[in-house]
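What follows is each chain in one-letter form.
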Amino acid sequence: MVAGFCAVALLSSVLASGLAYVLVRRAILQRTQDAVLAEVRETVARTVPPELPPDAGHAVAADLERALTKQDGRTRAYAVALPLDREVPLPHEVGPQLHVPVGREFARRAARGMVFQRVVHDGRPYLLVGTHVTGYRTTVEEPQRTTPPIVFVSVSLQREEADLRSFTRAVAIADVMALAAAFVLALLATRSVLLPVRQLGTAARALGDGRLETRLRVRGRDELADLARTFNGTAEALERTVTELRAMEAASRRFVADVSHELRTPLTAMIAVTDVLAEEGGASPAGGTAARLVVAEVRRLGVLVENLIEISRFDSGAAALVPDDLVVAEAVTATLAARGWSGQVPVRGPDDLVARLDPRRFDVIIANLAGNALRHGAPPVRLDFRPASRRDRPGFELTITDRGPGIPDDMLALVFDRFVKAEAARTRSEGSGLGLSIARENARLHGGTLEAANAAEGGAVFTLWLPLDRR
Amino acid sequence: MSGFGDIRGRDPDVADNDAVATILLVEDDPSARAALDLALSRLGHGVISQTTGEEALQTLRARRPEIAVLDVMLPGLDGIELCRRIRRDDALPVILLTARGDDLDVVLGLEAGADDYVVKPVEPRVLDARIRAVLRRAENTPADRTSHGDLVIDRAALKVTKGGRDLRLTPTELRLLLELARRPGRALTRRHLLAAVWEHAYPGDSRLVDACVQRIRAKIEDEPSEPRLIETVRGFGYRFCAS
Amino acid sequence: MRRTAAALTAVSCALLTGCGIRPTGIISAGDKPFIGSRDTSVTVYLVSARERLVPVVRPGLPGHPHHAVTQLGVRPTSLERHRGLRNAVPARDLLVRVADDPSMLMVDVDGKLPWPRIARAQVVCTAQTIAGIRRVMLVGLPDSEGDNWVSHACDEFADLLE
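Residues numbered from 1 in each chain as written. Chains lettered and ligands numbered in written order. Predicted model: local features only at pLDDT ≥ 70, side-chain atom pairs only at ≥ 80, totals over all residues. Heavy atoms only, no water.

If you check an unreviewed UniProt entry, chain C appears there as Sporulation and spore germination from Thermomonospora echinospora.

Labelled according to an unreviewed UniProt entry, chain A appears under the name histidine kinase, originating from Thermomonospora echinospora. Per UniProt, chain A carries the Subcellular location (unreviewed entry) text "Cell membrane". Of the comments in the UniProt record for chain A, the one headed Catalytic activity (unreviewed entry) reads "ATP + protein L-histidine = ADP + protein N-phospho-L-histidine." (UniProt positions renumbered as here; feature names shortened; annotations may be inferred.)

Have a look at this one:
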């Protein structure tokens, strides 16, 4: 936009100055020509008598040359008796008499009337004027002796050329200044257009980044103001919708949390008597089966409810860390041992790595990852950890790998979503479908990350990174 | 708080079936109360069930239970306040049944002097194990008598005196003090103390240790805010200093 | 934008190459100048067939007050010749100058050629027709006594006048 302004300004100033140049050149040359022609005409008319004495041509010629030649050398003159029977004798050499050579044709035409010509000689411009006079008397028998001489005058146009040069320079300077002025004006003008556009862009980006309260100040009544108003309307509608959606989502989450809490009390009663049911429900084989089923499902329900409550605590931001200094190797080993998995999952990592973690939450992460690998992957399941800094933050990386079929590509992005199960056929699962979500939430609570991928050699790889010290 | 997530903590071994205790169970929900009563009775305990805190306080005066299991959410006098009242003039061990998920109940309960807590819904065997662990704290200590300045710990009599004055410590507090005093000058981790005193399976809740240490300090230190007998080893655990 | 810049460059180049003063062809500036000066005349003494001085009138030459003397260096015109007049002055170039005394005209002549008396009379009398001139000195033409600085007046040649 600025460049366009400047281009237009440059174009117009160049055109204007070009035009001015042509006009000025014509004016300057015209003035000089007119002045020279008038002077020559006047001088010749004054100097040549109406009737010449016999053989006085050279004296008149000398008079003419004297009258027309200027001391500064700018104007030189050459006058010679006009021969009636042959060509006009022209100066042999350029210099002492005239600045430029005179052509035959010029001399011929000068004998018939007043003529001039602009000539460039040796790179310098000159004006050449040639003329004879009229209105003289001569004798019939000896016209040769009383014919006035023919006159040639050459005028150097260097002064005019210098004037033109300085004019050109002035015009060029003016053009440059006009361009600079145009640039400044263009900047000012485009600011008033570009600034709102830029603000609109910034606001749109802010809106895209989720700052829905972003609004633009509406100024003026032009199209940009309209656009800003439209933007504000859209942002408002969007904010309203998103707020409503968020409120609805929060309400539904709160509902899930409330339901889970309410389920706890009946579950307490049910779980408390599961053992009784398991031991004494077996009055008949069918009763035993029923009792076992109820016991198993009640325990599953208990896990599900606890997981739902845990997730809803993350959702409501109520989840808090209770950090302690943990020897990672010991913590991992204890977690595996507590579930009876020590023999199935070999652990490799430095014994002396200490991290500040919430033991319970770290236990949940490891237990969920290891449990997931044992259930869905194929052995051998391996757990490795090593110190690893991320973005200059000291931490450690823990990977749990299995040699199973891995995670289908379309599931990789969803594996941490709630109630996502890797195998469609596995409708009946030991897990609640929340385990990996909870593991990831726990990792985030620590300021860490949890990612899933497939190993090149097959099998799933879950990579946990946690900082050594939570800031 | 054992076992959120898909995988639950392995139940601690059920032991000492012969050991029975009289338990004061306070729970307002009739079904839960009846079910817990049934489950604990089957595990060999004598259970006194009560619905409200006020009732429970009256029962305490009439009968002498060996341990109280209190639901936190009670109408009127709630479980935490009840615990505080009990602790005011009694060393009776208290286990809280926390129903809500937030940690505030746990923190408040431990401040009020609870010895341990379990989260509802709870497996009867887990609750039984905790009860037994609490009760064991009053037993099986090697008989000797050590003095640290004006603090005298009499393991045989399970008594602690400071400047000749008897200090009333709960079994949990006494057990933790003994565990610390057994190896004076050596720093013990919270994990270690949790396992040794509370018999919790990994991971346990180290806040139990912190809260208990605070309570002991309040009783044995000259200036609890500047403890000299039980030192905090930052980022690690605690150390008993035998002056 | 790019196209505009290119166009601008082209225009600038065209203008720059058209700069300066360019030559032209032969241009007519109108008719010849018409003589504006007025007629003047001078008197010149020629020699008649009877060897007498005869005054003739010839056109003057403005700015050349002693032109009359200079005219004695040229051949008589055809009209004068038809009247039987001739010019006895042998020199072609007569250099005329004014002496310190403005009434004295000095004429430098080439003394190697023979100057008859009538030729001297022609110069002296012609010079004396010019306003303000009383005497004439023929430099480079000594008299019979060898004096080079002798001035003459037309009266001396009264015998030759008609």
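Peer 1: How would you summarise the overall build of chain C if you had to cite specific residues and measurements?
Peer 2: Of the regular secondary structure elements, chain C holds four helices and seven strands. Starting at the N terminus and ending at the C terminus, chain C contains elements arranged as α-β-β-β-α-α-β-β-α-β-β. Here chain C holds 162 residues, and the buried ones make up 44% of them. Across chain C, the fraction of contacts at a sequence separation of at least 24, relative to all contacts at a separation of at least 6, is 55%. In the form shown here, chain C has an accessible surface area of approximately 8,900 Å², with 55% of it arising from carbon and sulfur atoms. (Helix = DSSP H or I, 4+ residues; strand = E, 2+ residues; numbered from the N terminus. Buried < 20%, exposed > 50% of the residue type's maximum accessible area, 1.4 Å probe, protein only. Contact = heavy atoms within 4.5 Å. Areas by Shrake-Rupley, 256 points an atom, 1.4 Å probe, with all protein chains shown as cover.)

Peer 1: An account of a nonpolar patch on the surface is needed here, citing residue identities and associated values.
Peer 2: Together, Phe183(A), Val184(A), Leu185(A), Leu187(A) and Leu188(A) make up a nonpolar patch on the protein surface, roughly 480 Å² of accessible area in all. Along the chain, the position of Val184(A) falls in helix α4 (residues 158-208). (Patch = residues over 30% accessible without salt bridge, like charges linked within 9 Å, V, L, I, M, F, W, Y side chains within 5 Å. Salt bridge = Lys/Arg side-chain N within 4 Å of Asp/Glu carboxyl O.)

Peer 1: Describe the arrangement of the chains, and please don't skip the residues or the numbers.
Peer 2: Pairwise contact counts over the two pairs of chains in contact peak for chains A and C. Taking C-alpha atoms as the reference, chain B and chain C come no closer than 65 Å and do not contact one another.

Peer 1: I'd love a proper account of the interface of chain B and chain A, names of residues and values included.
Peer 2: Taken residue by residue, the interface counts 38 residues in chain B and 44 residues in chain A. Summed over both sides, the interface between chain B and chain A buries roughly 3,600 Å², with carbon and sulfur atoms accounting for 55% of that surface. Our enumeration of links across chain B and chain A arrives at four salt bridges. For Asp324(A), the salt bridge goes to Arg190(B), with nearest N and O atoms at 3.5 Å. Between the two partners, chain B and chain A, sit three residue pairs in polar contact (both at pLDDT 80 or more). Counting residues per element, the ones that place at least two in the side of chain B that touches chain A are α1 (30-42), α5 (124-136) and α7 (190-198) of chain B. (Buried area = accessible area lost by both parts, 1.4 Å probe. Polar contact = N/O pair within 3.5 Å; in protein donor to acceptor, adjacent residues only side chain to side chain.)

Peer 1: Tell me about helix α11 (residues 435-445) of chain A, residues and numbers included.
Peer 2: Residues and elements named next belong to chain A. Across the 11 residues that make up α11, a large majority, eight, are buried. Along α11, the residues classified as buried are Gly435, Leu436, Ser437, Ile438, Ala439, Asn442, Ala443 and Leu445. On the buried face of α11, the contacting elements are α7 (285-316), α9 (359-376), β10 (449-454) and β11 (460-467). Gly447 sits one or two positions beyond α11 and adopts a positive phi of about 85°.

Peer 1: So what's going on with α9(A)? Which residues, and what values?
Peer 2: All names here are of chain A. Compared with an ideal rise of 1.5 Å per residue, which puts 18 residues at 26 Å, α9 spans 25 Å between its outermost C-alpha atoms and is within 8% of the ideal. Within α9, 16 of the 18 residues are buried, which leaves it mostly tucked inside the rest of the structure. One side-chain oxygen of the residue at the start of α9 lies 3.0 Å from the amide nitrogen of Arg360, identifying that residue as Asp358. (Expected span 1.5 Å × (residues − 1).)

Peer 1: Hey, could you go over the environment of Arg234(B) for me, with residue numbers and the actual values?
Peer 2: Tracing the chain through its elements places Arg234(B) in the loop between β11 (230-233) and β12 (237-240). C-alpha separation for the pair Arg234(B) and Gly53(B), spaced 181 residues apart in sequence, amounts to 39 Å.

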